[in-house]
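This is what each chain is made of:
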Number of protein chains: 4
Amino acid sequence: MSKEAWQPYVHRRSIVWGDTDTAHIVYTGRFLDFLLEAIEAFMRARVGCDWYRLNVEEKMGTPFVNVGLDFKSSVTPREGLDTRILVAQVGKSSVRVAARGTGAESGTLRFTGTATFVFITATDCAPLFIPQPYRAALEAEAAEAAALLSSESA
Amino acid sequence: MSKEAWQPYVHRRSIVWGDTDTAHIVYTGRFLDFLLEAIEAFMRARVGCDWYRLNVEEKMGTPFVNVGLDFKSSVTPREGLDTRILVAQVGKSSVRVAARGTGAESGTLRFTGTATFVFITATDCAPLFIPQPYRAALEAEAAEAAALLSSESA
Amino acid sequence: MSKEAWQPYVHRRSIVWGDTDTAHIVYTGRFLDFLLEAIEAFMRARVGCDWYRLNVEEKMGTPFVNVGLDFKSSVTPREGLDTRILVAQVGKSSVRVAARGTGAESGTLRFTGTATFVFITATDCAPLFIPQPYRAALEAEAAEAAALLSSESA
Amino acid sequence: MSKEAWQPYVHRRSIVWGDTDTAHIVYTGRFLDFLLEAIEAFMRARVGCDWYRLNVEEKMGTPFVNVGLDFKSSVTPREGLDTRILVAQVGKSSVRVAARGTGAESGTLRFTGTATFVFITATDCAPLFIPQPYRAALEAEAAEAAALLSSESA
């Protein structure tokens, strides 16, 4: 009862002049950076998995298998971007996340996205059964996210 | 008979040190730049549509509706990247392309991708019936590409 | 007496996986982005000048005349980066800033830099006498920064 | 007599939509990428030193000590960019280059720049006497470049 309610992870970032193109809006190519940056922050904050340390110290990696982005409205430096990351599926080696970017002040939907990555050994790039404690944290996130995701796709 | 056979458009680029990350391979976020750059080059070379002039002089734009990337093998600066662009579908306002990235020397498949963009007016962002001569060129590319795409998805 | 003491402006940012290269440190090319981003944030926070609104609404621009960077130690995602921005000189149209990047936790010096930009009209790119209230804010910053800068170059 | 005359190395690149910002010109932050990319191409073509192989296979690196850029005129996707790289000085461990960017068709001066990098061991980051055959190639380039550089600074 005293336990705090789970909240989906949201990564906030500024949108800067250099993110824009001649059309006065954020260049399409930046959105994959925004998505990856949000997933990286989520992995560190919620899963305790820091991509840099994972590679350099634990000799593992998490290469991406696929990504997809649906653009809903244009983004400008007039407000920041909030990217929510939910775990959609946890497999033996793979993790699938669902992302949702909204205006930091307006709440307007900017994009939705999905991405799948796989835990591998850095030495021979062989898929790895997702190691603990990362697995436990990812499965807990997936369980919490399930209701939210099913309500949104309904 | 004397007409030269159509060949699919292929955009070649170098892979540089700055494209790589700590895992010694190209950072995932770079692939959307590679895809967009190849589509931009295709549009200029085959469709006669230069994104910069289209925006600044013709007051039109071609924002993206969605993009998707499937990563097949890792990329390094050891060889360049060839990205083939085929027109998969031409609608009233929208264009769907299918991309395929391979090693410039090895021919090894690196990624496949799709992307959809829409012609709009730059002033009020209203969708636009794709203007000539862009429409004719896109439809001709789509007709040529159809056989190739169906053979590859078979 | 009750007035709060002036503090130099410091822009904090995370360092992410995508900022690194094969040498396991931040790619040199990223540092100009870091510098520009810090100057942009300084201009908004301290001078009330938002580059995007300045261009789109006020029809002015602030193109850069020169930039210089001296790299002092390598940067990794192990800690964030704090970039301090001081106004070194305010001319008729031009502003010169001095930057200093340090580790967000360690305080270790990462780089020093300088940059000069000029206020112009966006329509004909003619240099502009720096308009109020930007001029007043920049001159106040320069006055406060003078002592700090002279002590550091001594 | 039959020997072909030395020509300065020039790296040509396209300027793309994604390089631009809201001001309809190339974003300042891109110029350091352009400079580094040109130096990397020069090192591979003229010095036989490939940064990626140098790091991964020879366990050496060439981190930058400083860079400087003077912007002369704005760049757009209307034409490509030619960046000429000359070796200005070769020290025990360090190399200083001078760059000059011009419009690929117009020849208009876009920027000048300088950069200094140092050969180090990748394992302990200790400065390294520039190894052969890189040293010989760099010194030959410096000898050829000397006359050109002194004529331009006169």
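Each remark here, short or long, concerns the structure printed above.
Residues numbered from 1 in each chain as written. Chains lettered and ligands numbered in written order. Predicted model: local features only at pLDDT ≥ 70, side-chain atom pairs only at ≥ 80, totals over all residues. Heavy atoms only, no water.

Would you explain the interface of chain A and chain B in this entry?
Frequently, the measure chosen for interface size is the accessible area removed from exposure when the parts meet. Counting residues at the interface gives 19 residues for chain A and 19 residues for chain B. Buried area between chain A and chain B, summed over both chains or domains, comes out near 1700 Å², and the portion from carbon and sulfur atoms is 59%. One can count 0 salt bridges joining chain A with chain B. Here chain A is connected to chain B by 4 residue pairs in polar contact (both at pLDDT 80 or more). No other element matches strand E3 (residues 64–71) of chain A, which puts 8 residues into the side of chain A that touches chain B. Across the side of chain A that touches chain B, the residue classes break down as 11 nonpolar, 6 polar and 2 charged. (Contact = heavy atoms within 4.5 Å. Buried area = accessible area lost by both parts, 1.4 Å probe. Salt bridge = Lys/Arg side-chain N within 4 Å of Asp/Glu carboxyl O. Polar contact = N/O pair within 3.5 Å; in protein donor to acceptor, adjacent residues only side chain to side chain. Helix = DSSP H or I, 4+ residues; strand = E, 2+ residues; numbered from the N terminus. Nonpolar A, V, L, I, M, F, W, Y, C, P; charged D, E, K, R; others polar.)

I keep staring at the pattern of salt bridges and nothing clicks. Help me out?
Note that side chains of opposite charge can pair when their charged atoms are close. One pass over the structure, following the stated rule, counts 56 salt bridges over all chains. Close ionic contact of Glu-57 of chain D with Arg-78 of chain B constitutes a salt bridge, the shortest N to O distance being 2.4 Å. Placement of the pair is Glu-57 of chain D in the loop between helix H2 (51–56) and strand E2 (60–61) and Arg-78 of chain B in the loop between strand E3 (64–71) and strand E4 (81–90), with the two residues belonging to separate chains. With a shortest N-O distance of 2.8 Å, Arg-110 of chain C and Glu-79 of chain C are connected by a salt bridge. With a gap of 31 residues between them, Arg-110 of chain C in strand E6 (residues 109–118) and Glu-79 of chain C in the loop between strand E3 (64–71) and strand E4 (81–90) connect regions that are remote in the sequence. With relative accessibility at 12%, the residue Glu-79 of chain C sits in the buried group. Look at the salt bridges and you will find they share partners, linking Arg-13, Asp-19, Arg-30, Asp-33 and Glu-37 of chain A into a network. (Buried < 20%, exposed > 50% of the residue type's maximum accessible area, 1.4 Å probe, protein only.)

It is not clear to me how the relation of the copies chain A and chain B should be interpreted in this structure. Could you clarify?
One copy of the chain maps onto the second through a rotation about an axis and a displacement along it. Of the transformation placing chain A onto chain B, the axial shift is 0.0 Å and the rotation is 180 degrees, giving an RMSD of 0.0 Å. This pairing of chains is accounted for by a two-fold axis. For chain A, the smallest separation between a C-alpha atom and the rotation axis is recorded for Gly-68 of chain A, amounting to 2.1 Å. (Least-squares fit on C-alpha atoms with pLDDT ≥ 70 in both.)

Would you mind showing me how to read the sheet that holds E4 of chain B here?
Strand pairing in a sheet relies on backbone hydrogen bonds, with the paired strands running either antiparallel or parallel. Reading across the sheet, the 10 strands line up as E1(A)-E4(A)-E5(A)-E6(A)-E3(A)-E3(B)-E6(B)-E5(B)-E4(B)-E1(B) and stay open at both edges, with antiparallel pairing between neighbours. At either margin of the open sheet sits one strand with a lone partner, and together these are strand E1 (9–13) of chain A together with strand E1 (9–13) of chain B. With direction set aside, neighbouring strand axes in the sheet form an average angle of 20 degrees. The pairing of E3 of chain A with E3 of chain B spans 5 bridges and is antiparallel. In the sheet register, Asp-70 of chain A faces E3 of chain B, and the bridge partner there is Asn-66 of chain B. Helix-sheet contacts for helix H1 (residues 30–46) of chain B involve E3 of chain A together with E1, E3, E4, strand E5 (94–103) and strand E6 (109–118) of chain B, and the interaxial angle to E1 of chain B is about 130 degrees. Strands in contact with helix H3 (residues 134–153) of chain B are E4 and E5 of chain B; relative to E4 of chain B, the strand with the most contacts, it is inclined by about 110 degrees. (Pairing = 2+ DSSP bridges. Axes fitted to C-alpha atoms, helices over the stretch in contact; angles between N-to-C directions.)

Before we go on, may I ask you to explain the nonpolar core in this structure?
In globular proteins that are soluble, nonpolar side chains generally tend to be buried together. Of all hydrophobic cores here, the largest spans 86 residues; its most connected members are Ile-39, Met-43 and Phe-119 of chain A together with Ile-39, Met-43 and Phe-119 of chain B. Apart from residues no more than four positions distant in its own chain, Met-43 of chain A is found in contact with Gly-48, Cys-49, Trp-51, Phe-117, Phe-119 and Leu-138 of chain A. Formed by 84 residues, the second largest nonpolar core is a distinct cluster that contains Leu-32, Tyr-52, Ala-115 and Ala-137 of chain D. (Core = buried A, V, L, I, M, F, W, Y, C linked by side-chain atoms within 4.5 Å.)

How do you make sense of the interface of chain B and chain D when you look at a structure like this?
Contact residues are listed per partner, giving 18 residues for chain B and 18 residues for chain D. Both sides of the chain B and chain D interface together cover about 1700 Å² of buried area, and 57% of this is carbon and sulfur. Looking at the side of chain B facing chain D, the largest losses of area belong to Trp-17, Tyr-52 and Arg-78 of chain B, adding up to 45% of the total buried there. For the pair chain B and chain D, the interface holds 2 salt bridges. Residue assignment for the side of chain B that touches chain D shows that the elements contributing at least two residues are H1 and helix H2 (51–56) of chain B. Top element by residues in the side of chain B that touches chain D is H2 of chain B. It accounts for 5 residues. For the side of chain B that touches chain D, the per-class residue count stands at 7 nonpolar, 5 polar and 6 charged.

Mind showing me how you'd approach the packing of H1 of chain B against H3 of chain B here?
Packed helix pairs are characterised by how far apart their axes lie and by the angle those axes make with each other. Residue and element names in this part refer to chain B. Across the interface, H1 lies against H3 with an axial gap of 10 Å and an inter-helix angle of 110 degrees. With respect to their mutual orientation, H1 and H3 come out roughly perpendicular. Contact residues: Phe-42, Met-43 and Arg-46 in H1; Ala-137, Leu-138 and Glu-141 in H3. Considered class by class, the residues forming the contact of H1 with H3 number 4 nonpolar, no polar and 2 charged. (Parallel < 35°, antiparallel > 145°, perpendicular 65-115°, else oblique.)

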